[in-house]
Amino acid sequence: MKVMVIIPTYNERENIIPLLDEIMNLKENIEILVVDDNSPDGTWKIVEDYAKKNSKLHLLRRTLERGRGLAGIAGFKHALENKADYVVEMDGDLSHDPKYIPEFLKKIKDCDVVIGSRLLPGGGEVGRGFLRRLITRLAAIYVRVLLGFKVTDPTSGYRCYRGQVLRAIDIESLKARDPFLLSEMLFRCYKKNFRIKEIPILFRDRKSGASKIGWRILVTYLFKVLKLRVRGK
Ligand SMILES: Nc1nc2c(ncn2[C@@H]2O[C@H](COP(=O)(O)OP(=O)(O)OP(=O)(O)O)[C@@H](O)[C@H]2O)c(=O)[nH]1
Ligand SMILES: [Mg+2]
């Protein structure tokens, strides 16, 4: 069983080493791929040096067009080229606690996609202000209602996919450059009737580094959901 953890990063220099250490300390037989968009803060260099001392870590340094979505697609392609059976996707700012990785790998055994939910009983957001928590909830309702998703937290970026699911949803043809990728992929998983389950996670607000999420990305996201609903693709 080959497991690959995909971590898209942009300017996460304070967060990436503690995160990699926490994942390595899990002692799980997993490989890690950091997909860094040539971060000006040198995150990719830190990962490059770390990888010299640890063969389980790989760096994909993207230098052309920047984008959370594009980085995700590049990471999934790499995982499939390397014959990963299971692919975990998580953020690189310590908001997604690596301690849940074994739970994802247990849960995926009887389904096709597992989502880490902040909105399930036992889940939540620690250290986030009222407005961000409200946005998480409203965005979840909006996406669920418009796209007919049954999951509680469809915008969560902490997930685990079976390799064959990524093949079946044809990641090469995904279009999203931005975080909308998360909904585009889930939409395709639903259309193919894959079994999607959730585990509760406690999401920790980032302590270091700047957020890459702004109103423009949020409004674009909501508009793209509407477009996907209308066009069905
Ligand atoms: N490679 C790459 N990674 C990105 C890009 N934008 C964001 N990321 C990474 O995607 C993950 C999620 O981005 P965040 O900015 O944390 O988004 P968020 O969690 O909604 O916002 P915060 O509350 O500020 O953390 C983080 O690991 C980022 O470093 C990008 O353009 N390229
Ligand atoms: Mg974050």
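Residues numbered from 1 in each chain as written. Chains lettered and ligands numbered in written order. Predicted model: local features only at pLDDT ≥ 70, side-chain atom pairs only at ≥ 80, totals over all residues. Heavy atoms only, no water.

A. Quick peek at the overall build of the chain. Across its full length, the chain carries eight helices and nine strands. Radius of gyration (C-alpha) of the chain: 16 Å, near the 17 Å computed for a compact globule of 233 residues. By its C-alpha atoms, the chain is 50 × 40 × 35 Å across when sized along the principal axes. Looking at the chain as a whole, 53% of its 233 residues qualify as buried. (Helix = DSSP H or I, 4+ residues; strand = E, 2+ residues; numbered from the N terminus. Rg over C-alpha atoms; globule rule 2.2 N^0.38 Å. Buried < 20%, exposed > 50% of the residue type's maximum accessible area, 1.4 Å probe, protein only.)

B. Structural context of the sheet that holds strand 2 (residues 30-36). Here seven strands make up an open sheet; going across it, the order is 3-2-1-4-7-5-8 and the pairing mixed. Bordering the open sheet on either side are strand 3 (57-61) and strand 8 (196-200), each of which pairs with just one other strand. With direction set aside, neighbouring strand axes in the sheet form an average angle of 20°. The sheet strands contacting helix 1 (residues 16-24) are strand 1 (3-9), strand 2 and strand 3, and the helix crosses strand 2 at an angle near 165°. Against the sheet, helix 7 (residues 181-191) touches strand 4 (86-89), strand 5 (113-117), strand 7 (159-162) and strand 8, its axis set at about 40° to strand 7. (Pairing = 2+ DSSP bridges. Axes fitted to C-alpha atoms, helices over the stretch in contact; angles between N-to-C directions. Contact = heavy atoms within 4.5 Å.)

C. Fine view of the pattern of salt bridges. Summed over all chains, the structure comprises 21 salt bridges. A salt bridge links Asp 97 to Arg 204; the nearest nitrogen and oxygen atoms lie 3.5 Å apart. With a gap of 107 residues between them, Asp 97 in the loop between strand 4 and helix 4 (101-107) and Arg 204 in strand 9 (residues 202-204) connect regions that are remote in the sequence. Relative accessible area serves as the criterion here: at 12%, Asp 97 is assigned to the buried category. Here Arg 162 and Asp 112 are joined by a salt bridge, their closest N and O atoms 3.6 Å apart. In this pair, Arg 162 sits in strand 7 while Asp 112 sits in the loop between helix 4 and strand 5, placing the two residues 50 residues apart along the sequence. (Salt bridge = Lys/Arg side-chain N within 4 Å of Asp/Glu carboxyl O.)

D. Examining the packing of helix 1 against helix 2 (residues 43-53) more closely. With their axes 10 Å apart at the nearest point, helix 1 and helix 2 run at an angle of 35° to one another. The two elements helix 1 and helix 2 cross, and the hand of that crossing is right-handed. Counted together, Ile 16, Ile 17, Leu 20, Asp 21 and Met 24 of helix 1 and Thr 43, Ile 46, Val 47 and Tyr 50 of helix 2 form the full contact between these two elements. Across the contact of helix 1 with helix 2, the residue classes break down as seven nonpolar, one polar and one charged. (Left-handed = near helix turned anticlockwise from the far one by under 90°. Nonpolar A, V, L, I, M, F, W, Y, C, P; charged D, E, K, R; others polar.)

E. Structural context of the side chain of Glu 12. Relative to the elements of secondary structure, Glu 12 occurs in the loop between strand 1 and helix 1. With residues near it in sequence (within four places) discarded, Glu 12 still touches Asp 41, Thr 43, Gly 92, Asp 93, Arg 206, Ser 208 and Lys 212.

F. Looking closely at the state of the cysteines. Summed over the entire model, instances satisfying the criterion amount to zero disulfides. The thiol of Cys 160 is unpaired, and the distance to the nearest cysteine sulfur, on Cys 111, comes to 8.0 Å. You can call Cys 160 buried: its relative accessible area is 0%. The closest cysteine sulfur to the non-disulfide-bonded Cys 189 is located on Cys 111, 11 Å from its own sulfur. (Disulfide = S-S within 2.5 Å.)

G. Representation of the packing of helix 5 (residues 130-147) against helix 8 (residues 215-231) within the structure. Running from amino to carboxyl end, helix 5 crosses helix 8 at an angle of 15°, the nearest separation of the two axes being 9 Å. Taken together, the axis directions place helix 5 and helix 8 in an arrangement best described as roughly parallel. Regarding helix 5 and helix 8, the two cross each other, and that crossing is left-handed. Residue-level contacts link Leu 131, Ile 135, Tyr 142, Val 143, Val 145, Leu 146 and Leu 147 of helix 5 to Trp 215, Leu 218, Tyr 221, Leu 222, Val 225, Leu 226, Leu 228 and Arg 229 of helix 8. Of the residues that constitute the contact of helix 5 with helix 8, the class distribution is 14 nonpolar, no polar and one charged. (Parallel < 35°, antiparallel > 145°, perpendicular 65-115°, else oblique.)

H. Representation of the environment of Asn 38 in the model. With respect to the element layout, Asn 38 can be found in the loop between strand 2 and helix 2. Along the chain, Asn 38 and Ile 217 lie 179 residues apart, while their C-alpha atoms are 20 Å from each other. For Asn 38, the contacting residues outside a window of four places in its chain are Trp 44, Arg 61, Arg 62 and Thr 63. Here Arg 61 takes part through its side chain, which lies 2.7 Å from a polar atom of the side chain of Asn 38. (Polar contact = N/O pair within 3.5 Å; in protein donor to acceptor, adjacent residues only side chain to side chain.)

I. Just the pairing of strand 7, in detail. A two-sided burial pattern is seen for strand 7, the buried positions comprising Arg 159 and Tyr 161 on one face and Cys 160 and Arg 162 on the other. Pairing geometry for strand 4 and strand 7, over four bridges, is antiparallel. Paired with Glu 89 across the strands is Arg 159, a residue of strand 7. Of the strand pairs in this sheet, strand 5 and strand 7 are connected by three bridges, and their pairing is antiparallel. Looking at strand 7, one finds that Ile 115 is bridged to Arg 159.

These values are about where atoms sit, not about what they do.
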